[in-house]
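Per-entry structural report
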Amino acid sequence: MFEKLRQSLREAMSRASTPAEGRAVLAMMRDAIVEAKVGVSQVRAAVDATRVQLERERAELATVRRRGQLAAAIQDEETVRIAAQYEQRHAERASMLERKLAAQVEELAIAEREVEEMTAQLRSMAGASVPPTPEGPLSAADADDADALRREVERAARESQADRQLEELKRRMGR
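Residues numbered from 1 in each chain as written. Predicted model: local features only at pLDDT ≥ 70, side-chain atom pairs only at ≥ 80, totals over all residues. Heavy atoms only, no water.

Secondary structure assignment for the protein yields four helices and zero strands. Secondary structure elements in the protein, listed N-terminal to C-terminal, are α-α-α-α. Residue burial in the protein is summarised as follows: out of 175 residues, 30% are buried. Long-range contacts, defined here as pairs at least 24 residues apart, represent 79% of the contacts in the protein between residues at least 6 apart. When the accessible surface of the protein is totalled, it reaches about 11800 Å², and 54% of it is carbon and sulfur. (Helix = DSSP H or I, 4+ residues; strand = E, 2+ residues; numbered from the N terminus. Buried < 20%, exposed > 50% of the residue type's maximum accessible area, 1.4 Å probe, protein only. Contact = heavy atoms within 4.5 Å. Areas by Shrake-Rupley, 256 points an atom, 1.4 Å probe, with all protein chains shown as cover.)

Overall, the coordinates contain nine salt bridges when judged by the stated rule. Note that arginine 51 and aspartate 48 form a salt bridge whose closest N and O atoms lie 3.8 Å from each other. One end of the pair is arginine 51 and the other is aspartate 48, both in helix α2 (residues 19-73) and three residues apart, which spans about a single turn. Assessed through its relative accessible area of 41%, arginine 51 is described here as partly exposed. Among the ionic pairs, glutamate 78 bridges to arginine 81, the shortest N-O distance being 2.5 Å. Of the two residues, glutamate 78 and arginine 81 are both situated in helix α3 (residues 77-129); the distance of three residues between them amounts to about one turn of the helix. Overall, glutamate 78 belongs to the partly exposed group, its relative accessible area being 42%. Residues joined by salt bridges that share partners form a network here, namely Glu55, Arg58 and Glu98. (Salt bridge = Lys/Arg side-chain N within 4 Å of Asp/Glu carboxyl O.)

Further remarks concern the layout of surface pockets. One number sums up the size of the largest pocket: a volume of about 520 Å³. What lines the largest pocket is a set of 16 residues, among which Ala45, Asp48, Ala49, Val52 and Glu168 lie closest to the centre. Mapped onto the lining of the largest pocket, the elements with two or more residues apiece are α2 and α4 (140-173). Here the residues of the lining of the largest pocket sort into three nonpolar, four polar and nine charged. (1 Å grid on protein atoms, 1.4 Å probe; cavity = no way out; pocket = protein on both sides within 12 Å on 5 of 7 lines; lining within 4 Å. Points joined across faces, edges and corners; volume = space filled by probe spheres on them. Nonpolar A, V, L, I, M, F, W, Y, C, P; charged D, E, K, R; others polar.)

Formed by 19 residues in total, the largest nonpolar core has its most connected members in Leu26, Met29, Val40, Leu54, Leu108, Met118 and Leu122. Among the elements of the structure, α2 and α3 are those that each provide at least two residues to this core. Looking at this core, the element that brings in the most residues is α3, giving 10 residues. (Core = buried A, V, L, I, M, F, W, Y, C linked by side-chain atoms within 4.5 Å.)

Looking now at unusual backbone geometry. Look at glutamine 75: it is not a glycine, yet its phi comes out positive at around 60 degrees. Considering the arrangement of structural elements, one finds glutamine 75 in the loop between α2 and α3.

This is the structure:
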């Protein structure tokens, strides 16, 4: 999912000839990881939305089946025929949503794994480009950078969630 980005960052890091260029590449990597994490949160939200749709579709399917059975019990052939049509539609839609959910779950697992690999790569590159300090491999500035990165990821995730909620509210209100 993010392989092209990872490859271009690796190439940029290998071409970096000065510490300033190395820091610039590391900053680009941090930004890329933030974007990747936002992408993962969007995929996660899509998985959740598909689960909701699937449950709704399964509930509709159960309702249509129950109505068809009730209509058959009172020998209402027209309602039985219509219920069978709707049952087929809801069953097809539920089947499609099940396949969609499986694909999204697989996509999410791949994206999460790639973000973990990118984060590990950033840590190893940052550790290689920053001389060790008495406190360990990360200096106070690096710890501040890591905290800033974490806050940026959390902020981006909150904004992304708010945008999704706003879009859902607009959709429900018909705008």
